[in-house]
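Next come the chains, spelled out residue by residue.
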Amino acid sequence: MLSRTADHLFWMSRYTERAENTARMLDVNYQTSLLPQSEAVALVGWQGLLSISELLPAYTELHGEIKAREVMDFMVKDESNPSSIVSCLGAARENARAVRGTLTTEVWETQNTTWLEVKRMIKSGEFERDPAQFFEWVKFRSHLSRGVTVGTMLMDEALYFMRLGTFLERADNTARLVDVKFHAVQSDFYGTANEKDQEYDFYHWSAILRSVSGFEVYRKVYRDVIKPERVAELLILRPDMPRSLHASLNEVVNNLALVASDDSSETHRRAGKLRAELKYGRIDEILATGLHAYLTQFLDRINDLGAHISRDYLIPSGA
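Computed from a prediction, not measured in an experiment: that's the story for all the values here.

Definitions and cut-offs
Residues numbered from 1 in each chain as written. Predicted model: local features only at pLDDT ≥ 70, side-chain atom pairs only at ≥ 80, totals over all residues. Heavy atoms only, no water. Helix = DSSP H or I, 4+ residues; strand = E, 2+ residues; numbered from the N terminus. Rg over C-alpha atoms; globule rule 2.2 N^0.38 Å. Buried < 20%, exposed > 50% of the residue type's maximum accessible area, 1.4 Å probe, protein only. Contact = heavy atoms within 4.5 Å. Areas by Shrake-Rupley, 256 points an atom, 1.4 Å probe, with all protein chains shown as cover. Lys, Arg positive; Asp, Glu negative; His and termini not counted. Charge placed at Lys NZ, Arg CZ, Asp CG, Glu CD. Core = buried A, V, L, I, M, F, W, Y, C linked by side-chain atoms within 4.5 Å. Polar contact = N/O pair within 3.5 Å; in protein donor to acceptor, adjacent residues only side chain to side chain. Salt bridge = Lys/Arg side-chain N within 4 Å of Asp/Glu carboxyl O. Expected span 1.5 Å × (residues − 1). 1 Å grid on protein atoms, 1.4 Å probe; cavity = no way out; pocket = protein on both sides within 12 Å on 5 of 7 lines; lining within 4 Å. Points joined across faces, edges and corners; volume = space filled by probe spheres on them.

Engineer: What should I look at first to understand the overall build of the chain in this one?
Structural biologist: Within the chain one finds 16 helices and zero strands. Since a compact globule built from 319 residues should have a radius of gyration of about 20 Å, the 20 Å found for the chain is in line with a globular shape. The buried share of the chain, reckoned over its 319 residues, is 54%. Relative to all contacts within the chain whose residues are 6 or more apart in sequence, the contacts with residues 24 or more apart total 67%. Taken as a whole, the chain presents about 14900 Å² of accessible surface, with 51% of it coming from carbon and sulfur. For the chain, the centre of its 38 positive side-chain charges and the centre of its 45 negative side-chain charges are spaced 3 Å apart.

As structure tokens, then:
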């Protein structure tokens, strides 16, 4: 496959997944902000959201003070922000258009309709009227995009590069979510005995689980009250949790094997090593050495893996 084509397919899927993850994070913050809490705690939530996406400097330069409505507008419909939902869906559509001949009609129409519809919804004010419903729509369109891709595309390199983009992006976003959310509550609410704080704990961790569609999964796996260390275990180490780091790396390694070339052995080694550490890791060891340090290192290695994949497969010679 031409590396230019592979590049468009890879980034089309990454941008679609990024739009979904942004919608998930905004949704959980929006729902949490509706709970009884002080203004300072709510502010930490919105600031954490910008930090997850590394957008705090860009937001501050544009808007200065952090306000819930302005953060949501910046992350949903600001086209000057390359990580906003509108920008991501637009970029996904542009990448799809560039390789229109490689995609099935269903995949192209799903991407194109999503872009046209999100522009209409923003223009008509549907996002402002009901943010939660808008975020659900973004998630649904991402699910639809993945389903149509798997259901209609030939099982060849085009599909494998699309899957690679999806799961590399998912691993990155899940790691960011876990890191920032644990970091934010560690000092104020983690392990407190105060009844009010325990109640906050429950709603906070429930919201985080719901943001990765993991609430029912947690109940099924652990059948217990929600405990932070088990939330971390579910989102990092469980291979059967679809949005966990382990499950994402399984998909990355499997799809890398399907597009293997003579020059990509180092990329495979790095991906395999990272997957092995998740496979044989234990949550008590990770927490003992420091969750923040572990996830920071994981993000560095995921970015490094993305750079190696680009070098081996995606950047055309002479580009």
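Anyway, onward from the coordinates.
Engineer: Looking at this structure, how should I read unusual backbone geometry?
Structural biologist: Most peptide bonds are trans, and most residues other than glycine sit at a negative phi. For Glu54, which is not glycine, the phi torsion reads 55 degrees and is therefore positive. One can find Glu54 in the loop between α2 (39-52) and α3 (56-63). You will see that Ser213, though not glycine, has its phi angle at about 55 degrees, which is positive. In this structure, Ser213 sits in the loop between α10 (195-211) and α11 (215-222).

Engineer: Even after reading the chapter, I still don't get the nonpolar core, so can you show me in this structure?
Structural biologist: The nonpolar side chains of a soluble globular protein tend to be buried, and buried together. Membership of the largest hydrophobic core comes to 83 residues, with the highest contact counts inside it found for Leu26, Ile85, Phe134, Phe135, Ile236, Phe298 and Ile309. Counting residues per element, this core draws most heavily on helix α9 (residues 157-186), at eleven residues. Membership of the second largest hydrophobic core comes to twelve residues, among which are Leu9, Val99, Met153 and Met162.

Engineer: Could you clarify how one ought to interpret the environment of Asn95 in this entry?
Structural biologist: Along the chain, the position of Asn95 falls in helix α5 (residues 85-98). A sequence separation of 38 residues divides Asn95 from Pro57, and the C-alpha atoms of the two residues are 27 Å apart. Among the polar contacts made by the side chain of Asn95, one reaches the main-chain carbonyl oxygen of Ala91 at a distance of 2.8 Å.

Engineer: Please explain the pattern of salt bridges as it appears in this structure.
Structural biologist: Between side chains of opposite charge, a pair can form as their charged atoms come close. Applying the stated criterion across every chain, the model contains 28 salt bridges. Arg170 serves as the salt-bridge partner of Glu17, at 3.0 Å between the closest nitrogen and oxygen. Here the residue Glu17 occupies a position in helix α1 (residues 3-33), and Arg170 occupies one in helix α9, the gap between them amounting to 153 residues. In terms of burial, Glu17 and Arg170 fall into one category: buried. For Arg24, the salt bridge identified is with Glu20, shortest N-O distance 2.9 Å. Separated by four residues within a single helix, Arg24 and Glu20 lie in helix α1, roughly one turn from each other. For Glu20, a relative accessible area of 0% translates into the label buried.

Engineer: Even after reading the chapter, I still don't get α1, so can you show me in this structure?
Structural biologist: Count 3.6 residues to each turn of an α-helix, and residues three or four apart come out pointing the same way. Along its 31 residues, α1 runs 44 Å from first to last C-alpha, staying within 8% of the 45 Å computed at 1.5 Å per residue. Burial runs high along α1: 27 of the 31 residues are buried.

Engineer: Can you help me understand the environment of Glu233 in this one?
Structural biologist: Note that Glu233 resides in helix α12 (residues 228-236). Residue class for Glu233 comes out partly exposed when judged on its relative accessible area of 24%. Each C-alpha atom, one on Glu233 and one on Ile283, is 5.7 Å from the other, the two residues being 50 residues apart in sequence.

Engineer: Please clarify how the side chain of Glu17 should be interpreted in this entry.
Structural biologist: Here Glu17 falls in the buried class, since its relative accessible area comes to 1%. With residues near it in sequence (within four places) discarded, Glu17 still touches Ser142, Arg146, Thr166, Glu169, Arg170 and Arg243.

Engineer: So what exactly am I meant to see when it comes to the environment of Ala58 here?
Structural biologist: If you trace the backbone, Ala58 turns up in helix α3. Note: C-alpha distance between Ala58 and Val44 (14 residues apart in sequence) is 17 Å.

Engineer: Just to check I follow, could you spell out empty space enclosed by the protein for this structure?
Structural biologist: Leftover empty space is mapped by rolling, across the atoms, a probe with the size of a water molecule. Per the counting criterion, the structure on display carries four cavities of 30 Å³ or more. Roughly 100 Å³ of internal volume is contained in the second largest cavity. Taken together, the elements giving at least two residues each to the lining of the second largest cavity come down to α1, α8 (131-152) and α9. The element that contributes the greatest number of residues to the lining of the second largest cavity is α8, accounting for four residues.

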